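Summary of structural features
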Amino acid sequence: MPDPAFRPKVLITKIGLDGHDRGSRIVAAHLRDAGVEVVYTPPWQDIGTVVKLAVEEDVDLIGVSSLATDHLIVPKLMRALREGGAGDVAVIVGGIVPDTDEKMLLDAGVSRVFHPGNKLDEIAAFVHATSAKVRASRFPSA
Amino acid sequence: MNKPLPHAIPASTGEANVRWSAEYAAQIGDDREVRNRSGIPIKPLYTPLDVDPARFDAEIGFPGQPPYTRGIYPTMHRGRTWTQRQLIGLGTPATYNARLRDILDQGGNAVSLIPCNSVFRGYDMDEVDAELLGTCGVVCNSADHMAACLDGVDLARTSCAMNDPSPFTLLAFMLDTAKRNGVPWNAITGTSNQSDYLSHFVANHMFFRLALAGARRVLTDHIAWCGEHLPRWNPLSVVGQHMQQAGATPAEALGFTFASAIQYADDCVAAGMSPDAILPRFTFFFDISISFFEEIAKFRAGRRIWARLTRERYGARDPRSWRFKFHGQTSGVDLTRQQPLNNIARVTAQAIAGIFGGLQSLHTDAYDEALSCPTQFGARIAVATQNILREEAHLTDVIDPLGGSYYVERLTDEMEAKVLAVMADVEAEGGMYRAVESGYVQRRIGDSARTFQERIDSGEQTVVGVNRYAIDEDASARPALAKPDPALMDAHRADFARFKAQRSQDDVARALAALVRATGETGPTRTNLFGAIVAAAAAGCTHGEICGTLRRELGFGHPLVAV
Amino acid sequence: MRNPLPKTAAAPAGELARRVAALRTGQRAVLARALTEIENELPSAAALHAALREHLGHAHVVGITGPPGAGKSTLINALVTEIAKRGKRVAVAAVDPSSPVTGGAVLGDRVRMNIGTADSVFIRSLASRGHGGGLARTTPRIVDALDAAGFDTVVVETVGAGQSDVDIAAFADTSIVVSPPGLGDGIQAIKAGILEIADILVVTKADTPNAANTERDLKDMLRLRAPRAGWSVPVLSTSATTGDGIASLADTLDAHARAAGVGRRVQRAAAAAAPPLPADLREALRILAARDSFVRHCGIEFVDGGPGTATVRMAVGCQHLNFNGKCHGGAIFTLADTAFGLASNSHGVIAAGIDAHATFPVAVREGDVLVAQATEASRGRKLAIYRVEVTRDTELVSTFTGTVYVTSRGHA
């Protein structure tokens, strides 16, 4: 069980060209209500900006929403996070991702891909558990 | 003359009604409350008591007669059916052109051009990640590209919808194509499909946006310029679809859309245009969800509201100003990734609702939209669905076939009241421009989106294959994402680089400088911004150059609200 | 916070020093991780914060508050861009409310902050975590860390609602209160009291119709208020859309910094609510001495301390002399009293002096160096007695006896 005093801090964002943000907004609001501190960005973030945000906000996890093929540049994001010293941040992707591309994302280091039909509570539980692991690895004695 | 009508006979008030009520109560068991997506309570049965026969002429009436509840034309689909407009766009202009001709051969009778997300975002192909090019639409950055997209299409006979957010470069490119092909501009028909900048702020989606004030100015100029040069073109499509896709209830989507239309009409009138000059060219674009009767009632109520609004608020006298013309698109939000072929059934139900709702133009989604951008296989089924409904199922034999249904008439009244309440809320916020600027509309839609998702998560709203009737599927049977041929895209990029190097740089520089000058002008004699854009497109300026110039001069429209 | 001398072990001193050095040379990731420790009050945070304390006071801390919808974030976006353009490094701590039910929060200020990409700008979103007043309990310590990291300006944004605005004024060098145009809720909120704390009033959205009226109303309200010494509160209009008024706001911020000074919270903090003391007792006593304004005023230095003991030193200067040209008895008494106070407060709870006597058998002159050493004579549950000997080299110049009342409260 995660420590009840532990508050995950996550970044919910969209990279690339598409701006459909219904999903990212619903997920952000639901995570808030599940006790998560959510740094939310509007769509159309540069990968460099996401890395800088992740570092400055010291988030445990990044949720990337993709509905129109923007997931294709998530591997670029994973590389940029590693190069920017934020390789320990967990990354999840949610939205419309074909099965063939899902494997490509998992191979690139994405922790999990959520699809339409996954329940919000399922996402929140995964975020809690994964964030707790990331935080524990950062502060082993805490 | 008011003759008593069959449905108005008050027979059901008698003993039978009392007996039915008692038997219903005894047998129904769990009589849970049913509400539609707009929050209207739905009764188990509607009777003549739910409609007021005295209001027939004023509220229901006849097709082609105000308030147009039953349709805006006397013949409706019995005369001319709807325009079959499939959104397509993929890869390079040549790929697009091949797909377009295929659709036209299959029974499509109009063009709808979806550009690549890079175009939507105001960039040329050399300004974005190469992985993202052409995955969701055609990479069309110049007048030459448009000429290739529309190769072999008779622009004088084919209605063209350009999914063209402000600043309308695609239309500018198309006008250049028309000129090259010797088609006079006054023969061109179609619609600027994504001109509703307020909807782009409400639902972030993918569209390029200038900052609110700049977007407002470009749109007003666009409407004025088209009024002068393109008499058969609809410069404005007010888009409820974005809002409903973003999570607005059907009533909210319609109410906010009318509030936007009021904002645009007010702005045009303030700029000196007369209501009867602009309102006939206002068109609407809506999502059709699977909430079947609710959608039908939404469209019927919409016609009634618009017919009154145009006369009462603007004093419009031309009946064309009163007619609520709309394009419907079956809702992609209702489609599921699970058991994707089920989506064909969903699209069919949605399309029937749109047809019974009296639409003028229809796009049916491909079943694989929830998985990826549609494949050709999926797109063909979507077109066939329309053909089947129109020609096999005889849906068009009778005008407004659900008119007179106690339920549908009552629901139309209730939707109308709900929509008017939403419009009043926006008025109280200072109108749609201010309500969007303050984030009021975005917050309200965000709340509705979440409420609906929670209804699905809790199982209150069934989604077949998702929260009920799920089966183990072979995921490998699902189609892969259609990706453009990388060799073709590389060649397209090389061509573009060559084009940019070889065009007359002086002409381009002059045209962009003129555009910058135009943005700085004020007062009634200032240069029309859209006129300057049409000139820039003809001079060889690219989409990204025009958008970039305006973004620098008028500011980018950053999102206005979060969660 | 109860225990002034926390027992939790800190990281090895060398490691801590390395982190502080990295943080001060602008390593974002190190600073960001330090902020996480402070925000979550992890065991390592106290020592870290203590190690930063000697690097405080450089930053101009600007509080920005105002009612929801006033356009604060948009204003900050434009203002931070302007300040960065002037070659300064800027940090923003943006506080959003936590849900009182679930503790979650959406830190949505990023929506309007398109400034995060610049290298000279650092933005950190914080949740209020239920602390009354809109600020998080740890926000002052977060600001300290940003200050220690060398940012020239640290902007703290809070959702304006009553008490939070007063909170922010307690540690900002300059408080900006933002009002949207219009005579609606915005002005009502301002009337409710936050006007009092404003050093600068800003009317946003100057490009909208009601802005001029609002500016006039605010100026009228200011006239009803007693003028503030050395600073006349300006009312500025800004438009983030057109950029009007932003440069002038940045100029006004500089002017206020010159007039009122920067790092004022650091001075106040020395006396008032200070962050937790480090684990090392000697270090904790040194910090307590450094927080004592009168001790600093008299030029008394801390030498050593331990459980029940303390040693302090004073070089007698001309400011310590009486009318006969000898060291004032009160100065010697103060030196002894300082040793007494530290020794009696070395057990983790506040001890309050209730009685003291001193003898001055020997004359002391300018240039003499006096050392006072306090030892514990007896310590009961409520009362404790201390003896202090003041010496010049080896010569005893004063003896001092003092009694304290031992409270159960810890040091702030």
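Calculation rules
- Residues numbered from 1 in each chain as written.
- Chains lettered and ligands numbered in written order.
- Predicted model: local features only at pLDDT ≥ 70, side-chain atom pairs only at ≥ 80, totals over all residues.
- Helix = DSSP H or I, 4+ residues; strand = E, 2+ residues; numbered from the N terminus.
- Buried ≥ 20, exposed ≤ 12 C-beta atoms within 10 Å, placed from the backbone.
- Contact = placed C-beta atoms within 7 Å.
- Rg over C-alpha atoms; globule rule 2.2 N^0.38 Å.
- Core = buried A, V, L, I, M, F, W, Y, C linked by C-beta atoms within 7 Å.
- Pairing = 2+ DSSP bridges.
- Axes fitted to C-alpha atoms, helices over the stretch in contact; angles between N-to-C directions.
- Nonpolar A, V, L, I, M, F, W, Y, C, P; charged D, E, K, R; others polar.
- Left-handed = near helix turned anticlockwise from the far one by under 90°.
- pLDDT = per-residue confidence, 0-100.

Right, let's talk about the overall build of chain C for a bit. Secondary structure assignment for chain C yields 13 helices and 14 strands. With 412 residues in all, chain C has 47% of them scored as buried. When contacts within chain C are restricted to residue pairs at least 6 apart in sequence, those whose partners lie at least 24 apart make up 72%.

From N to C terminus, chain B includes 23 helices and eleven strands. For 563 residues, the compact-globule estimate of 2.2 N^0.38 gives 24 Å, and chain B sits close to it at 24 Å. The principal-axis extent of the C-alpha atoms belonging to chain B is close to 85 × 60 × 45 Å. Burial status across chain B gives 52% buried among its 563 residues. Pairs at least 24 residues apart make up 78% of the contacts formed inside chain B by residues separated by at least 6 positions.

Moving on, we come to helix H2 (residues 47–57) of chain A. Burial of H2(A) is extensive: eight of the eleven residues sit out of reach of the surface. All buried positions along H2(A) are accounted for by A:Val50, A:Val51, A:Lys52, A:Leu53, A:Ala54, A:Val55, A:Glu56 and A:Glu57. Contacts made by the buried residues of H2(A) are with strand E1 (9–13), strand E2 (37–40), strand E3 (61–66) and helix H3 (74–83) of chain A together with helix H2 (28–39) and strand E4 (121–127) of chain C. Among the residues trailing H2(A), A:Asp58 stands out with phi positive, at a value near 50°.

A few words now on the nonpolar core. In terms of nonpolar packing, the biggest core is built from 258 residues, with A:Val38, A:Ala54, B:Ile533 and C:Ala93 touching the most fellow members. The element that contributes the greatest number of residues to this core is helix H11 (residues 250–270) of chain B, accounting for ten residues. Aside from chain neighbours lying at most four places away, what touches A:Ala54 is A:Leu11, A:Val59, A:Ile62, A:Leu81, A:Ala86 and A:Val89. Core analysis: the next-biggest nonpolar cluster, separate from the first, contains 36 residues, C:Ile287, C:Phe302, C:Ala331 and C:Leu342 among them.

Turning our attention to the sheet that holds strand E9 (residues 300–306) of chain C. Residue and element names in this part refer to chain C. Spatially, E9-E10-E12-E13-E14-E11 is the arrangement adopted by the six strands of the open sheet, whose pairing is antiparallel. Whereas interior strands pair on both sides, the edge strands pair on one side only; in this sheet they are E9 and strand E11 (351–359). Mean inter-strand twist for the sheet, computed between neighbouring axes without regard to direction, equals 20°. Bridge analysis of E9 against strand E10 (residues 309–315) gives six bridges, and the strand direction is antiparallel. Bridging across to E10, Gly306 finds its partner in Thr309. Here helix H11 (residues 281–290) sits on the sheet and contacts E9 and E10; the angle it forms with E9, its principal contact strand, is near 155°. Contacting E9, E10, E11, strand E12 (369–379), strand E13 (383–392) and strand E14 (395–406), helix H13 (residues 329–344) runs over the sheet at an angle of about 40° to E12.

Right, let's talk about the interface of chain B and chain A for a bit. Interfaces are often sized by the accessible area lost when the parts come together. Between chain B and chain A, the residue contacts involve 35 residues of the former and 30 residues of the latter. Taken together, the elements giving at least two residues each to the side of chain B that touches chain A come down to helix H5 (117–120), helix H10 (240–246) and helix H19 (440–458) of chain B. Residue contributions to the side of chain B that touches chain A peak at five residues, all from H19(B). When its residues are assigned to classes, the side of chain B that touches chain A shows 15 nonpolar, 13 polar and seven charged.

The sheet built from six strands is open, its strands ordered E5(A)-E4(A)-E3(A)-E1(A)-E2(A)-E3(C) with parallel pairing. Every interior strand has two partners, whereas the edge strands, strand E5 (112–114) of chain A together with strand E3 (105–107) of chain C, have only one. Put simply, the sheet's adjacent strands are angled 25° from each other on average, direction ignored. Contacts from H2(A) reach E1, E2 and E3 of chain A, with the element oriented near 165° to E1(A).

Here the focus is the pairing of E13(C). Residues and elements named next belong to chain C. Where E12 meets E13, nine bridges bridge the pair, whose relative direction is antiparallel. Following the sheet pairing, Arg379 is matched in E13 by Ala384. Turn length for the E12-E13 hairpin, with the two strands adjacent in sequence and antiparallel, is three residues. With antiparallel pairing between neighbouring strands as the criterion, E13 and E14 make up a hairpin whose turn holds two residues, including Asp393 at a positive phi of roughly 55°.

Right, let's talk about the pairing of strand E6 (residues 174–179) of chain C for a bit. Residue and element names in this part refer to chain C. Of all six residues in E6, six are buried; the element is thus mostly enclosed. By the alternation rule, side chains of E6 split into Thr174, Ile176 and Val178 and Ser175, Val177 and Ser179, which are all buried. In the sheet, strand E1 (residues 60–65) pairs with E6 via four bridges, with the strands oriented parallel. Counted as the bridge partner of Val62 is Thr174 from E6. Note: E6 against strand E7 (residues 200–203), four bridges, orientation parallel. In the strand pairing of E7, Ile176 is matched with Ile200.

Here we come to the environment of B:Gly404. Tracing the chain through its elements places B:Gly404 in the loop between helix H16 (376–392) and helix H17 (406–428). With 348 residues separating them in the primary sequence, B:Gly404 and B:Phe56 have C-alpha atoms 9.3 Å apart.

Residue and element names in this part refer to chain C. Between helix H1 (residues 13–24) and H2, the shortest axis-to-axis distance is 7 Å and the interhelical angle comes to 120°. The hand of the H1/H2 crossing is left-handed. Along the contact surface, H1 presents Arg19, Ala22 and Leu23, while H2 presents Val30, Leu31 and Ala34. When grouped by side-chain class, the residues that make up the contact of H1 with H2 number five nonpolar, no polar and one charged.

Residues and elements named next belong to chain B. Of all ten residues in helix H22 (residues 529–538), seven are buried, a share of seventy percent or more. Every buried residue of H22 is accounted for by Leu529, Phe530, Ala532, Ile533, Val534, Ala536 and Ala537. Residues of H22 that are buried sit in contact with helix H6 (143–149), helix H7 (169–180), helix H9 (212–229), helix H21 (505–520) and helix H23 (543–554). Where H22 terminates, the next one or two residues include Gly540, which has phi positive at roughly 100°.

Residue and element names in this part refer to chain C. Positionally, Gln267 belongs in helix H10 (residues 264–271). On the basis of neighbour counts, which here come to 13 C-beta atoms within 10 Å, the residue Gln267 falls in the partly exposed class. Taking the C-alpha atoms as reference points, Gln267 and Lys219, 48 residues apart in sequence, are found 32 Å from one another.

Another point: the confidence of the model for chain B. Parts of the prediction with low pLDDT should not have their coordinates interpreted in detail. Residue and element names in this part refer to chain B. Per-residue confidence for chain B gives a mean pLDDT of 90, with 94% of residues at or over 70. The least confident element of chain B is strand E3 (residues 83–84), whose mean pLDDT is 78; the most confident is helix H13 (residues 292–314), at 98. Confidence drops under pLDDT 50 across residues 1–10; counting only partners more than four residues distant or on other chains, this segment forms twelve contacts.

Residues and elements named next belong to chain B. Position of Thr92 relative to the elements: it lies in the loop between E3 and helix H4 (93–105). As a C-alpha pair, Thr92 and His145 span 53 residues in sequence and 8.5 Å in three-dimensional space. Once residues within four sequence positions are removed from consideration, Thr92 is found in contact with Gly134, Val139, Pro484, Leu488, Met489 and His492.

All names here are of chain C. Scored by pLDDT, chain C comes out at a mean of 83, with 85% of its residues at no less than 70. Confidence, expressed as mean pLDDT per element, reaches its minimum in chain C at helix H7 (residues 185–191) with 53 and its maximum at H13 with 96. Scoring the predicted complex yields pTM 0.75 and, for the interface, ipTM 0.92.

All names here are of chain B. Cis peptide bonds are those with omega within 30 degrees of zero, and the linkage from Pro66 to Pro67 qualifies with 5°. Its location among the elements puts Pro67 in the loop between helix H2 (56–60) and helix H3 (76–79). For the peptide bond that leads from Ser166 to Pro167, omega is 15°, which places it in the cis range. Looking at where Pro167 falls in the secondary structure, it is placed in the loop between strand E5 (159–162) and H7. The phi dihedral of Gln339 is positive, around 45°, even though this residue is not glycine. As for its position among the elements, Gln339 is in the loop between strand E10 (326–330) and helix H15 (342–356). What makes Gln339 partly exposed here is the crowd of 15 C-beta atoms within 10 Å. Positive phi, close to 60°, is recorded for His394, a residue that is not glycine. The residue His394 is located in the loop between H16 and H17 in this model.

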